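# Fold and contact review
Residue-level listing of the chains:
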Amino acid sequence: MLQEKRHFDAPNDPRSGVTSDHVARSGPDLRRVDLNPDFWLPVAWSHQVRRGRPFAARYAGEPLVLIRPETGPLYALEDRCAHRQVPLSKGKIEGETIRCCYHGWAFDRKGSCVTVPYLNKPGNGRGVRAYPCRESGGLVFVFPGNPELAARTPVPQPCQVDNPEFKTRRFDPRVECHYSFMHENLMDMNHQFLHRRQMGQITARFMGQGRGEDFVEARYSFARKGGDQPLAERLLFGKHKDIDVSQQPVDEIVTVRTSYPYQTLQIHDKDGDLVMDLWVAYVPQGQDQLTTQTFGLLSVKRPKWKFLLDLAWPVLGIFTDRIFHEDKEVVEMEQQAWRELGGDHNVEVFPVVRNLRDLLIRSGAPTVRTAL
Amino acid sequence: MLQEKRHFDAPNDPRSGVTSDHVARSGPDLRRVDLNPDFWLPVAWSHQVRRGRPFAARYAGEPLVLIRPETGPLYALEDRCAHRQVPLSKGKIEGETIRCCYHGWAFDRKGSCVTVPYLNKPGNGRGVRAYPCRESGGLVFVFPGNPELAARTPVPQPCQVDNPEFKTRRFDPRVECHYSFMHENLMDMNHQFLHRRQMGQITARFMGQGRGEDFVEARYSFARKGGDQPLAERLLFGKHKDIDVSQQPVDEIVTVRTSYPYQTLQIHDKDGDLVMDLWVAYVPQGQDQLTTQTFGLLSVKRPKWKFLLDLAWPVLGIFTDRIFHEDKEVVEMEQQAWRELGGDHNVEVFPVVRNLRDLLIRSGAPTVRTAL
Amino acid sequence: MLQEKRHFDAPNDPRSGVTSDHVARSGPDLRRVDLNPDFWLPVAWSHQVRRGRPFAARYAGEPLVLIRPETGPLYALEDRCAHRQVPLSKGKIEGETIRCCYHGWAFDRKGSCVTVPYLNKPGNGRGVRAYPCRESGGLVFVFPGNPELAARTPVPQPCQVDNPEFKTRRFDPRVECHYSFMHENLMDMNHQFLHRRQMGQITARFMGQGRGEDFVEARYSFARKGGDQPLAERLLFGKHKDIDVSQQPVDEIVTVRTSYPYQTLQIHDKDGDLVMDLWVAYVPQGQDQLTTQTFGLLSVKRPKWKFLLDLAWPVLGIFTDRIFHEDKEVVEMEQQAWRELGGDHNVEVFPVVRNLRDLLIRSGAPTVRTAL
């Protein structure tokens, strides 16, 4: 991340980033661009994979079984027995192996069949695919792409999970849409109108953008036009003053960033200290990549009187859940419109989102699906 | 309607209209003929569209939003924001405009985008489709076809809604079949066998037919073969005597008529006075036009002692609902058979229905869908 | 069956029948091979078809109506009226005919239309397909294929239904998979690992196989490795001793046989007497043949003290239901994997199952479906 080539556009007018032109509808349909599998992607929470209990997960239509054997570290296999393709996750962990529930074939952590109970010799040479597998920040990551690239690809250290100055919340809703809608949703803070019931009359003020080969970021400040500031928002963002947008001194800066394939949202206070840190990965479930499993971590800096945050924590949970529910509804409506129209009709006027769309297209899987 | 070229076939034998020949299975499959959109078609009841509350409707796969703004008359737009295709019906009516729920773009009654909140200039030139829209008889009609034809196409004045001598009932069941099955069902009164549990052993007597460029009609009288006449039927049709069909003096005449794309059923008593008037429109919902939203109005002439009809009204409702439920079941079974067989295998022996099928095919939308 | 050309392979080593080679993935996909319809196949239990009540059944996407008329034997027709394809099973049996519920057309046992109520002449020459139909062993069999072959094709005499020395249980679960998975499941007794919770640590010992032009069979004995023998299993199989597999004297022999298209499992005791007899037919429901209606009969020999079997009967029912439920789950998972992979990836190591697969492919319907 440190060596990335940055070129920030500092707009002379805070709103100059917005134009009325739009990206020509050419090139691949973003909603048909598969996620690039040559990354470490989360498929489960660590606590879900219990010792001795196979756990079924999925990546882009590929069934996976996560196994925490009686001895040794966790491993991940294709969740289909080599014999009759029955899910290994329905089977039984014995020692370091997983035995298929049907005829009892056993496979080791490399996916090799080591026992066919009714054969005279051990194993039969056949096997199932093994996936590189790591744990970080309470998440189980697999590497679904070319395994040779796994070792030199960094495993994410999401958020402030291990930082005692922050309190971290996990969330993992499933959303019925292509992952790209999720990136666009968070990146374009002009959608605060959607959350007007939760957040009142708040307006995002675009402060500039940055981009590089593998990232796009946008910076915002927020101004309240009227109404009271909700308590939970105040805890997340600090207290706002009711002032004119154009003359407002900047308090906090919200930075949304897609560092392909992950996304983060960070809030720094007026002293430049990080006060909120959000990390999200959007993991395609089906082969069509039109269902997305979200894995998210939200870290909030503990105030000086730490019990205040603990007290407010449930309220904060409800607040963020409501916000997320509104986002989920709207991105699923976008996906539904895409289905009905048979393709992407997006008319984008916000350059940051256009840059994001370019990033997602050029970073995606090389082969673009042509059929639905 | 008055200038239509009529040629009535008065059969010498009341049953001569029926032959054992059948329409050759050639030409387009009627169930793949789309309804002609160059007509005023109902998409909602007026009372459903409340002031300040956007209402989502649908015509043949096209989502519509009906808006009764704070000032000015009702209008209809395509229910997709020009920006990201999210339904405008989820948005907020402000003045005469509708604002999208997501990023707050606002559209006027012409469908033009008049505000993008985070742009420096009003609107961005883009817009959504506006549909001509009228209210009549408690229904909201739109013109889904070529808008240039809307002005010279008459808006229906359905039934006896505004006639104080009649009491009118609304109904709007949704039926899982192509609209053509509905037209055929009502037109062919030989299907009284279907309603034998509701109406007893009644037999339709075909009295002749008429047809013109844009209509087909059939006239029937009814004879009861045995059993008691249900009360509700007696109120609808008057009292029948148990007499031989061939010698029976004609009491009431039932006239069923498809005046494309609408359908009516009228009962005139022996003095030629209208005593019952039914008006129905069958509105395709999905793009495949295999789901139909019915909008119907049933006007019954008030007897001299008007309270009698008020008393009988709930019974009449139950009676007609049961009849309709049986019709719904049978047309949905027809549709299901069509799906399984992959096409229309109808073998029609009744010339009126053959003429009706011709009318529906030649009046339908010019392009016939070829795929399911 | 008596004239079939047998050649039994008696293995010198009980396990020699198992190798690590596998059938090359060539030739037709077994899961796309339709069942050969030129056989008598059950579509209902006799008791389900009541006098005067039409009964709807189905064979491989073809709807059937079974009619037990007021007089004369049961008959079977295509369940679609010749007029508008509405199911005749929704109609009314009158005398020996079935009248369609919609316009009252009547059909006789040959499928000829004998009455159109509003026509001047009896019938109109059109008709619906009639299927040869027989009853045997409490089942209604139809012949869905070429009717000219029906007379010379034997109607099954399933199981020991009419043998007073046996008590017989019926079962008829529906399974969401191709019929071939069911044949393979029962034939390959090495899948006892699946039933370890129901049957304890039991191991199948392959004793040899047989095959002919139209059948494949496998013989097994069973050995218990440890744990107590469940009561129900003991009633079904007799008491096992806990002994070493290789030295165990053979008590009972289990013979599983697919005599196309039926399957049987018989247990003979050490004196060679039949003690259990299972007969099953797997009947495709949809046109894609990926849903199977099972019709099975399980006959158990009554012990000397016959009331013992009556006492144990409910337990036996629960036991066999649980076993069957596990089988149903696993074959449905196989079918699901087939769907996801878009074809059969079975890697078979057991020669009996390979022979069975060959039998099912070469005996199946001549035309192999190419699309899903």
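Residues numbered from 1 in each chain as written. Chains lettered and ligands numbered in written order. Predicted model: local features only at pLDDT ≥ 70, side-chain atom pairs only at ≥ 80, totals over all residues. Heavy atoms only, no water.

For the rest of this paragraph, the subject is the overall build of chain A. Looking only at helices and strands, chain A has 5 helices and 19 strands in total. Here chain A holds 372 residues, and 58% of them are scored as buried. Entry remark: accessible area of chain A is about 16,100 Å², with carbon and sulfur atoms responsible for 50%. (Helix = DSSP H or I, 4+ residues; strand = E, 2+ residues; numbered from the N terminus. Buried < 20%, exposed > 50% of the residue type's maximum accessible area, 1.4 Å probe, protein only. Areas by Shrake-Rupley, 256 points an atom, 1.4 Å probe, with all protein chains shown as cover.)

Another point: the relation of the copies chain A and chain C. Placing chain A over chain C gives an RMSD of 0.0 Å and needs a rotation angle of 120°, together with 0.0 Å of translation along the axis. Expressed as an axis order, the relation between the two copies is that of a three-fold axis. (Least-squares fit on C-alpha atoms with pLDDT ≥ 70 in both.)

Moving on, we come to the sheet that holds strand S8 (residues 113–115) of chain C. Here we have 4 strands laid out as an open sheet, ordered S5-S6-S7-S8 (chain C), and antiparallel in their pairing. Single-partner strands in this sheet number two, and they are strand S5 (92–94) and S8 of chain C. (Pairing = 2+ DSSP bridges.)

On to helix H1 (residues 179–187) of chain C, then. An α-helical segment advances 3.6 residues per turn. Residues three or four places apart therefore align on the same side. For H1(C), the buried fraction is high: 9 of the 9 residues fall into the buried class. Buried within H1(C) we find Tyr179(C), Ser180(C), Phe181(C), Met182(C), His183(C), Glu184(C), Asn185(C), Leu186(C) and Met187(C).

Taken together, the contacts link 26 residues of chain A with 30 residues of chain C. Summing both sides of the interface, chain A and chain C together bury roughly 2,400 Å²; the carbon and sulfur share of this comes to 53%. Among the residues of chain A in contact with chain C, Arg84(A), Tyr102(A) and Tyr118(A) are the three that bury the most area, contributing 30% of the side total. The interface formed by chain A and chain C contains 5 salt bridges. We note a salt bridge from Arg84(A) to Glu184(C), for which the minimum N-O separation is 2.9 Å. For the interface between chain A and chain C, the tally reads 13 residue pairs in polar contact (both at pLDDT 80 or more). Its residues placed into classes, the side of chain A that touches chain C shows 11 nonpolar, 7 polar and 8 charged. (Contact = heavy atoms within 4.5 Å. Buried area = accessible area lost by both parts, 1.4 Å probe. Salt bridge = Lys/Arg side-chain N within 4 Å of Asp/Glu carboxyl O. Polar contact = N/O pair within 3.5 Å; in protein donor to acceptor, adjacent residues only side chain to side chain. Nonpolar A, V, L, I, M, F, W, Y, C, P; charged D, E, K, R; others polar.)

Let us now look at the packing of helix H1 (residues 179–187) of chain B against helix H4 (residues 306–341) of chain B. All names here are of chain B. One way to put it is that H1 packs onto H4 with a least axis distance of 10 Å and a crossing angle of 130°. Viewed along their axes, H1 and H4 adopt a mutual orientation that is oblique. The element H1 and its partner H4 pack so that their crossing is right-handed. In this structure, H1 uses Phe 181, Met 182 and Asn 185 to contact H4, whose residues at the interface are Phe 324, Asp 327, Val 330, Val 331, Glu 334 and Gln 335. Classifying every residue of the contact of H1 with H4 gives 5 nonpolar, 2 polar and 2 charged. (Axes fitted to C-alpha atoms, helices over the stretch in contact; angles between N-to-C directions. Parallel < 35°, antiparallel > 145°, perpendicular 65-115°, else oblique. Left-handed = near helix turned anticlockwise from the far one by under 90°.)

Residues Leu66(A), Tyr220(A), Leu265(A), Leu77(B), Leu88(B) and Phe107(B) are the most contacted members of the largest nonpolar core, which totals 97 residues. Sort the elements by how many residues they give to this core and helix H4 (residues 306–341) of chain A lands first, with 9 residues. Ignoring anything within four residues of it in the chain, the contact list for Leu265(A) reads Leu186(A), Met189(A), Val254(A), Thr255(A), Val256(A), Met276(A), Asp277(A) and Leu278(A). (Core = buried A, V, L, I, M, F, W, Y, C linked by side-chain atoms within 4.5 Å.)

Before going further, it helps to spend a moment on the interface of chain A and chain B. For interface size, the figure often reported is the accessible area lost on association. With 30 residues of chain A at the contact, the number on the chain B side is 26 residues. For the pairing of chain A and chain B, the buried interface totals around 2,400 Å² over both sides, and the portion due to carbon and sulfur atoms is 53%. Counting the contacts that link chain A with chain B gives 13 residue pairs in polar contact (both at pLDDT 80 or more). Where the side of chain A that touches chain B is concerned, the elements lending two or more residues are helix H1 (179–187) and H4 of chain A.

Okay, unusual backbone geometry next. Of the consecutive residues Tyr260(A) and Pro261(A), the connecting peptide bond is found in the cis state with omega at 0°. Considering the arrangement of structural elements, one finds Pro261(A) in the loop between strand S16 (253–259) and strand S17 (262–268). Non-glycine residue Cys159(A) carries a positive phi angle of around 60°. By secondary structure assignment, the location of Cys159(A) is in the loop between strand S11 (139–142) and strand S12 (166–171). The residue Ala60(B) is not glycine, and still its phi comes out positive at about 50°. By the element assignment, Ala60(B) lies in the loop between strand S2 (55–59) and strand S3 (62–67). Residue classification places Ala60(B) among the buried residues on the basis of a relative accessible area of 13%.

A few words now on the confidence of the model for chain A. All names here are of chain A. Considering every residue of chain A, the mean pLDDT works out to 85; 83% of them sit at 70 or more. Contacts of residues 240–248 to residues separated by more than four positions or lying in other chains number 16 contacts, the stretch itself having pLDDT below 50. Note on residues 368–372: pLDDT is under 50 here. Beyond four places in sequence and across chains, it has 14 contacts. (pLDDT = per-residue confidence, 0-100.)

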